[in-house]
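Coordinates in review
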Amino acid sequence: MVMTLHQFCQIGWREICKKVKKAVVYIDNEGAECLHWNGGLMQMITAGALTVKQFSTFENDKEEHRKAVFILCSPVCGSTKVIMEDIIRNSNFEYCVLITSAHARVHQFAKYGGHREGIDDMHYFHKLEEEMLEWMGNLNYTVEVLYSPLFVVPLTEVLFVTPTFRNLFPITEAHIQCIKELQLLQHKVVDSQSLDSLSSVKLTHLPLEVQISVHHLVSCLHSLFVQLEVCEDIYSLGHLSGIVGSQLEILPDANNRRKTAPNHCSLILIDRTLDLASVTSHNTDSLLDRILAVLPRLPGHTNDVAVKMSPICDTKVSSALGNIVLAPGCLAHPNCDLCPQKVPSMMQVLEWLVNKKQKDVLLSLHHHITALVPGGGGRVGKFTHVTPHTIEKQIALFKGHTEIMYQCSGLLQVTQLVKTRHERGLLLPDILGLLVHLFSLAGTDILFPALEQSHLLVALKQALYEDREELQGNLSKLVDSKVDDEFAEIAGNVLSKLHYIASVRKDLVRYRTLLSLASPTQPAVYRGLLHQLIADILDPACPDLADLTCKSTGLKGLLKSGFSLLLKKQREQHPLDNPQLIVFIVGGIAAHEVKLIQEMVISSGRQTQVLVGGTRLLSPNDAVEAIFIKDPFMQQVL
């Protein structure tokens, strides 16, 4: 490819920085997370921003501030539009710039529910400019509405996430009844036979908010491919991924791009729900997965953690969060020009955390810290065994050396992160994660006896009731304000969702099971869906990829079919027909899966370039919340 993902992101943020001089910047949570990994807050301040604030209806600005820049990763409609109106009306701005990651066509869909003939895509932006001038109170003031696809965070050269779509999660057949009820609420005729399975659910059956998210994701992927000058062949595995793939394939602008794009790639979209066993396994192959599992998330973030920094500072705090004196450390850090050359870049450190074994990560950290210890206090030499205690003693030498700490803060935060990891007791979220793992792993191959399920139901009810006061964060919503009689219903809903998780692969042919049985005398072995799929794709024998749906059937496909007929041999399109492979998991990905894919491609000897992405990084607790708390469509508890 001509351009990397990192370069794509830098171009977007550089253009934004040109707009923020002498401005008050308002940014939503998703935009803040993208900024966090792409240069950070100081990038805005250095570019001349007066201040950066949360996009909230409770915010306004000082009378003397005349310019505002809004950076939003969602369409400006509904509550988002109301919040922006409140901020503008309660301030005295004369110049407003709105930068949105949602294309004009997405805004048009959000307003009208589809494309309207005779109305230009930019029509909504022009109307929005007029409304913003009205809110400012003077039609002679200045307003700009700009589109910038701010949705990608490249964590390493291979791994990327999309915070803008962090709440997008695939549906299961558990949602069929909700979809039927939604159709009735919208006064649509519902044929019970036409909506009896997941395969019968179309994009138009889903809530408008989800339809908007799908169109938004499709638009952003297209904008990314425009910059990368790519023509993509689209493959999908899973229902929601299939919907996204179909919408990208038929997008008119994408069809025009594919006619002239000089580069080619294969895009494989996969539903996370097809294999939840992988992300709930507490796999220890990647240190990044372990970090995400045991440390609290940075507030408002889904892909970074909060690290207690008091051991290298003079201030003492009891935890990484909840303290106004000392801000927590984190994984992300800008590659500061002041940093010594021996300080590894953020991508390099994350590459270690994804791909290296724990002992190798500690050795790498030790080597770099030794070279940076103030006054040459570090012992230089070859170490074969380094423990977290060794690192702890080294970073203590930085205390009091403020300038060096600032220059090396990114690396020091990661060392603190490794040192402070800890084991936890078995709590209700762990139990739920274990059940998700078990049911996803079992699929339809293993049927649990009715008596055992009855015992499980009773145990779940009791556990939910007894732990109701101890649940924290989003999981507390599971039992929030519930009376005693409702806990049996909650437990029943949990068990029902577990059954749907078990059945999600029932219609697959090749990847129906995650268990491999070598012989009757040996135990079954887990072989994840991603592992199976990538192995088949890389297999020189080219086995039939029956479950992988190809969405791209243009002239290229017709030519292949024609040659196949001439040769009297069927020739299906294959992901390795192109020099680059992009695997994207709708619902989130775990670091050990990225490591696995990289290792498989390398060991195959193929020269295929691989990018692996997901809507977010996913820990076992994140998976539990996505299934039982954050309904992918209604964003409500069970």
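Below is a short write-up of the structure. (Residues numbered from 1 in each chain as written. Predicted model: local features only at pLDDT ≥ 70, side-chain atom pairs only at ≥ 80, totals over all residues. Heavy atoms only, no water.)

Quick word on the overall build of the protein chain
Threshold: Put simply, DSSP H or I for four residues or longer makes a helix, DSSP E for two residues or longer makes a strand, and each gets a number counted from the N terminus. Contacts are assigned to residue pairs that have any heavy atoms within 4.5 Å of one another. A 1.4 Å probe and the Shrake-Rupley method give the accessible areas. Residues count as covered only by the protein chains that appear here.
When you go through the protein chain residue by residue, the secondary structure sums to 23 helices and 14 strands. Considering only residue pairs separated by 6 or more positions, the protein chain has 76% of its internal contacts joining residues 24 or more positions apart. Carbon and sulfur atoms provide 54% of the accessible area of the protein chain, an area that totals close to 29600 Å².

Details of the pattern of salt bridges
One side chain can pair with another of opposite charge once the charged atoms of both are near each other. Short version of the rule: The term salt bridge refers to a side-chain nitrogen of Lys or Arg lying within 4 Å of a carboxyl oxygen of Asp or Glu. For every residue, the accessible area (1.4 Å probe, protein chains only) is compared with the maximum for its type, and the residue is labelled buried under 20%, exposed over 50%, or partly exposed between those bounds.
Across all of its chains, the model carries 19 salt bridges by this definition. Ionic pairing is found between Glu 85 and Arg 89, a salt bridge with its closest N-O pair at 2.8 Å. Taken together, the residues Glu 85 and Arg 89, both in helix α4 (residues 78-89) and 4 residues apart, mark about one turn of the helix. Exposure remark for Glu 85: the relative accessible area of 24% places this residue in the partly exposed category. With a relative accessible area of 44%, Arg 89 lands in the partly exposed category. Residues Arg 258 and Glu 249 are paired through a salt bridge, measuring 4.0 Å at the closest nitrogen-oxygen approach. The pair formed by Arg 258 and Glu 249 is uniform in burial state, with each residue classed as buried. One continuous salt-bridge network, built from bridges that share partners, spans Glu 232, Glu 249, Arg 257 and Arg 258.

Some thoughts on the sheet that holds strand β7 (residues 159-161)
What links the strands of a sheet is backbone hydrogen bonding, and the strands pair in either a parallel or an antiparallel sense. The criterion, for reference: Two strands are said to pair when DSSP picks up at least two bridges between them.
Strand order across the open sheet formed by 7 strands is β6-β7-β14-β13-β9-β8-β12, with mixed pairing between neighbours. The outermost strands of the open sheet, each flanked by one partner alone, are β6 (153-154) and β12 (549-550). For strand β9 (residues 263-271) and strand β13 (residues 580-586), the ladder comprises 7 bridges, and the chain directions are parallel. Bridged to Ser 266 within β13 is Leu 581.

With respect to the packing of helix α5 (residues 104-112) against helix α6 (residues 123-136)
Here is the rule we go by: To get an axis, a line is fitted to the C-alpha atoms, and for a helix only the part in contact is used. The angle between two axes follows their N-to-C directions and goes from 0 to 180 degrees. Here the word oblique covers every angle except those under 35 degrees (roughly parallel), over 145 (roughly antiparallel) and from 65 to 115 (roughly perpendicular). Note on residue categories: nonpolar means Ala, Val, Leu, Ile, Met, Phe, Trp, Tyr, Cys or Pro, charged means Asp, Glu, Lys or Arg, and polar means any other residue, Gly included.
Running from amino to carboxyl end, α5 crosses α6 at an angle of 80 degrees, the nearest separation of the two axes being 8 Å. With respect to each other, α5 and α6 are oriented roughly perpendicular. Contact residues: Ala 104, His 107, Lys 111 and Tyr 112 in α5; His 123, Tyr 124 and Phe 125 in α6. Tallied by class, the residues present in the contact of α5 with α6 amount to 4 nonpolar, 2 polar and 1 charged.

A short note on the sheet that holds strand β2 (residues 51-54)
One open sheet accounts for 5 strands, arranged β2-β1-β3-β4-β5; its pairing is parallel. At either margin of the open sheet sits one strand with a lone partner, and together these are β2 and β5 (142-147). Shown here is a sheet whose adjacent strand axes are inclined to one another by a mean of 15 degrees, direction ignored. Where strand β1 (residues 24-27) lies against β2, 4 bridges are found, and the strand directions are parallel. Across the sheet, the residue bridging to Val 24 is Thr 51, located in β2.

Considerations on the nonpolar core
Within soluble globular proteins, side chains that are nonpolar generally end up buried alongside one another. To keep things clear, this is the line we draw: Among buried residues, those of type Ala, Val, Leu, Ile, Met, Phe, Trp, Tyr and Cys that are joined through side-chain atoms within 4.5 Å constitute a nonpolar core.
In terms of nonpolar packing, the biggest core is built from 75 residues, with Trp 13, Met 44, Ile 71, Leu 237, Ile 270 and Leu 353 touching the most fellow members. Once you skip the residues sitting within four places of it in the chain, Trp 13 turns out to touch Ile 27, Gly 31, Cys 34, Leu 35, Asn 38, Gln 43, Met 44, Ile 71 and Leu 150. In terms of nonpolar packing, the next biggest core, distinct from the first, is built from 41 residues, Phe 8, Cys 9, Leu 206 and Leu 269 among them.

Describing the side chain of Lys 81
As for its position among the elements, Lys 81 is in helix α4. With a relative accessible area of 17%, Lys 81 lands in the buried category. Look past the residues within four positions of Lys 81 in its chain and what remains in contact with it is Val 76, Tyr 124, Leu 128, Glu 131 and Trp 135.

Some remarks on unusual backbone geometry
Backbone geometry at Lys 22 places phi at a positive 60 degrees, although glycine is not the residue there. Positionally, Lys 22 belongs in the loop between α1 (5-17) and β1. Not every positive phi belongs to a glycine, and His 282 is a case in point at roughly 55 degrees. Within the secondary structure, His 282 sits in the loop between β9 and α11 (287-294).

Re the packing of helix α9 (residues 239-250) against helix α10 (residues 252-260)
Closest axis-to-axis distance for the α9/α10 pair is 5 Å, and the angle between their directions is 65 degrees. Residues Leu 248, Glu 249 and Ile 250 of α9 form the contact with α10, whose own contacting residues are Pro 252, Ala 254, Asn 255, Arg 257 and Arg 258.

Examining the packing of aromatic side chains
Given two aromatic rings, one states the distance between the centres and the angle between the planes to describe the pair. What counts is decided by this rule: When two rings of Phe, Tyr or Trp (its six-membered ring) have centres within 6.5 Å they constitute a pair, described as stacked for plane angles under 30 degrees, edge-to-face for angles over 60, and tilted for the intermediate range.
Taken as a whole and assessed by the stated rule, the structure comprises 7 aromatic pairs. Between Tyr 26 and Phe 93 the ring centres are 6.4 Å apart and the planes differ by 75 degrees, which places this aromatic pair in the edge-to-face class. You can see Tyr 26 sitting in strand β1 and its partner Phe 93 sitting in the loop between α4 and β4 (95-100), a full 67 residues away along the chain. The buried category is assigned to Tyr 26, whose relative accessible area is 0%. Classification of Phe 93 as buried rests on a relative accessible area of 1%. One aromatic cluster is present, built from ring pairs that chain together Tyr 26, Phe 55, Phe 70 and Phe 93.

Digging into the environment of Pro 163
With respect to the helices and strands, Pro 163 occurs in the loop between β7 and α7 (176-185). Under the relative-accessibility criterion, Pro 163 is labelled buried at 0%.

A word on a nonpolar patch on the surface
Going by this rule: A patch is a set of surface residues, each over 30% in relative accessible area and not in a salt bridge, joined within 9 Å for like charges and within 5 Å for the nonpolar side chains Val, Leu, Ile, Met, Phe, Trp and Tyr.
Among the surface-exposed residues, Leu 41, Met 42 and Ile 45 lie close enough to one another that they form a single nonpolar patch of about 270 Å² accessible area. Positionally, Ile 45 belongs in helix α3 (residues 41-46).

Side note on the side chain of His 107
Relative to the helices and strands, His 107 is located in helix α5. We classify His 107 as buried; its relative accessible area is 1%. Discounting chain neighbours no more than four positions away, the residues touching His 107 are Pro 75, Val 76, Thr 100, Ala 102, Tyr 124 and Phe 125.

Overview of α7
How we decide: Relevant arc is that of directions from the helix axis to the C-beta atoms, nothing else.
For α7, the full list of buried residues reads Ile 176, Ile 179, Lys 180, Leu 182 and Gln 183. In an axial view of α7, the angular spread of the buried residues amounts to 160 degrees, which keeps them on one side of the axis. Residues of α7 that are exposed and point more than 90 degrees away from the buried face comprise Leu 184 and Leu 185.

In short, the description is geometric, and any link to function would need to be established separately.
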